[in-house]
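Here is what each chain is made of, one letter per residue.
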Amino acid sequence: MILSFVFLVFFCCYFNYICMFEIKLYLSIYLSIYLSIYLSIYLSIYLSIYLCLEGYLKRRILISLNILHYLCMGIPTVTAARILKGQLEGKSGEESSLAMDSFPHLALSKTYNVDQQMPDSAGTATAYQCGVKANYGTLGVNAAAPRYNCQASHGNNVTSVLHRAKEAGKSVGIVTTTRVQHASPAAAYAHVASRDWYSDADLSEEAVQNGCRDIAYQLVYNTEIDVILGGGRTYMFPTTQQDPEYPTVKGARKDEKNLVDEWLKNKQNAKYVWNKVDFDAINPATTNFLMGLFEPKDCRYELDRDPSMDPSLTEMTEKAIRILSKNPNGFFLFVEDKGRIDHGHHATMAKKALHEAVEFDRAIERAADLVSDLDTLTIVTADHSHVFAFGGDSPRGNPVLGIADTQATDNKHFTTAVYGNGPGYKIANGSRPDVNESVSTDNNYLQQTAVPLDSETHGIEDVAIFAKGPMSHLFDGVQEQSYIAHVMAYALCIDPYVDCQLPEASHAVASHPSLLLLLMSLLLITFYPI
């Protein structure tokens, strides 16, 4: 660019010199002006391109004001959900796209627990929420704490990014389709040697003797969480209290505490809801704290959900963002539909699992309309996969839950979606039953399965990390699952990276004036064609 500039200046001067002697002065002036405009336009284009690139790089190395952390499922589920989404829209499906497909940065996460090759949701949640790999079945404690050993867990707590974000002045929330005391969201606030200690009624004798608290208790007293949406009512109320929706269901707490009342204490503009009507009536502008518990335990599958009683994951996510985003210091929101996807897979009910995944995609898409990639780091990942496989000889556009195009060697049909193990295993009189599409597409159909188990198991392979927004470029290659928490903490410049020395996020990035300059250059070209 510098050589071009020097050449043009030299040419202009030389040409003017010649013109003084050989042509009229007015022609010299005209050509000089013309060449000056020519040079100005191209310098403007060069400069605008440079500023655009500079703005792009600045967006990558800014502090993230907000974090949206989504938990989904393994790659086979992602692929099947993408095709199902397209088929539900009347397309063949393969060419469809999920919201996460557009995220520019991608990595793989190694999911093993410290003591287990096949991971569970508790040990993995401790890794991606707290930045430390843990033992199978333990939450918010390091690997020095074995499962079920309350005494050993003392002094071995690890804190989540959500907790550290709250201490840094941000608003925080959890949204899930499981009970809010379930392993994945619980790692954000609880420290227990067993993920099964939902209420005090679930504590072991050793845990009671050594002073360990249940997960529901810690939900209220460990971290002040601004928005809590999901299921899990029964663990919050005493055994004497009747559930408002199901008269035969009562609370589970033996200590007779009403933890919802405890959570509401000393909070301004705080609300508790348990049904869709009250949820819809919540005004985010006048609500600072919201707890919504819509089922006694886990929320219903999306296929079974009563939209008049329970909000969808998309609706809960939007409400949470609108409340949390009022904080000028930013927010951290954990959103999970992995739990019910996970439960569908454990039951070998692929249809329920995949419809959950499609709803999960809707939530991501809606949230993208409510935040800016300039100041919000968005991450979609999974805690683990399942032994769910999706294949077989099938033509383009074959239903995800349909039948393969060919028969097996036993002259019977088979589904393209299958499981390696689980309750879907069926052998009658030494052979498996035949299947057709009307059977395989039933909401409660148990997918064909190779090995009989009461519950299908998790997979062991790596899972994907999709990322966009500030510092998303740090997700690259194959990483330990605990790496996720460290990137989130670094992007927020919170403990242990308070000295990250990243520039503050701002909507007024350098690319804006450069785009204006580029537009002006194009207008000049229009009026002064070269």
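How each quantity is defined
- Residues numbered from 1 in each chain as written.
- Predicted model: local features only at pLDDT ≥ 70, side-chain atom pairs only at ≥ 80, totals over all residues.
- Heavy atoms only, no water.
- Helix = DSSP H or I, 4+ residues; strand = E, 2+ residues; numbered from the N terminus.
- Buried < 20%, exposed > 50% of the residue type's maximum accessible area, 1.4 Å probe, protein only.
- Contact = heavy atoms within 4.5 Å.
- Pairing = 2+ DSSP bridges.
- Expected span 1.5 Å × (residues − 1).
- Axes fitted to C-alpha atoms, helices over the stretch in contact; angles between N-to-C directions.
- Disulfide = S-S within 2.5 Å.
- Core = buried A, V, L, I, M, F, W, Y, C linked by side-chain atoms within 4.5 Å.

A. Looking closely at the overall build of the protein. Along the backbone of the protein there are 17 helices and 13 strands. Taking all 530 residues of the protein together, 52% fall into the buried category. Here the analysis covers contacts within the protein between residues at least 6 apart in sequence; of these, 72% occur between residues at least 24 apart.

B. Representation of the pairing of strand β6 (residues 289-293) within the structure. Counted residue by residue, β6 has 5 buried out of 5 residues, so it is predominantly covered. On β6, burial covers both faces: F289, M291 and L293 on one face and L290 and G292 on the other are all buried. Summarising the sheet, strand β4 (residues 227-231) and β6 pair through 4 bridges and their orientation is parallel. What sits directly across from V227, in β6, is L290.

C. Geometry of helix α14 (residues 350-368). Spanning 19 residues, α14 covers 27 Å between terminal C-alpha atoms, matching the ideal 27 Å at 1.5 Å per step. In terms of burial, α14 is largely enclosed, as 15 of its 19 residues are buried.

D. Up close: the sheet that holds strand β5 (residues 270-273). Ordered in space as β5-β6-β4-β3-β7-β1-β8-β12-β2-β13, the 10 strands form an open sheet in which the pairing is mixed. Among the strands making up the open sheet, the edge pair consists of β5 and β13 (477-480). The average angle at which neighbouring strand axes cross in this sheet is 15°, direction not considered. Inspection of the sheet shows strand β1 (residues 66-71) paired to strand β7 (residues 331-336) by 5 bridges, in the parallel sense. Each residue of the ladder has a partner; that of I67, found in β7, is F332. Seen against the sheet, helix α12 (residues 313-324) touches β1, β3 (171-179), β4, β6 and β7 and runs at an angle of roughly 170° to β7.

E. Here's a closer look at the state of the cysteines. Per the stated rule, a full pass over the model turns up 2 disulfides. The disulfide partner of C150 is C212, and the gap between their sulfur atoms is 1.9 Å. Between C150 and C212, the S-S dihedral sits near 100°, and the bridge is therefore right-handed. In this pair, C150 sits in helix α5 (residues 150-153) while C212 sits in the loop between α8 (205-209) and α9 (215-221), placing the two residues 62 residues apart along the sequence. The pair formed by C150 and C212 is uniform in burial state, with each residue classed as buried. Two residues share a disulfide in this structure: C493 and C500, whose sulfurs sit 1.3 Å from each other. The S-S bond linking C493 to C500 shows a torsion near 45°; that makes this disulfide right-handed. A relative accessible area of 15% places C493 in the buried class. On the basis of relative accessible area, C500 is assigned to the buried category, the value being 10%. By sequence-ordered numbering of the bonded cysteines, the protein has its disulfides arranged as 1-2, 3-4.

F. Region of interest: the nonpolar core. If you look at the biggest cluster of nonpolar residues, it comprises 63 residues, and the most contacted ones within it are L139, I174, Y189, M236 and F332. Among the elements that make up this core, the one with the highest residue count is helix α16 (residues 483-492) (7 residues). Each residue touching F332, except ones within four places of it in the same chain, is listed here: I67, H69, V161, L162, A165, S171, V172, G173, L324, M488 and L492. Ranked by size, the runner-up nonpolar core spans 38 residues in total, among them F279, L313, L324 and L333.

G. Representation of unusual backbone geometry. Here the residue pair D495 and P496 is connected by a cis peptide bond, since its omega of 10° sits within 30 degrees of zero. Counting through the fold element by element, P496 comes out in the loop between α16 and α17 (511-527). Non-glycine residue N429 carries a positive phi angle of around 55°. Position of N429 relative to the elements: it lies in the loop between β10 (417-422) and α15 (437-440). Residue N429 is classed as exposed on the basis of its relative accessible area, which comes to 85%. In this structure, C493 takes a positive phi of about 60° despite not being glycine.

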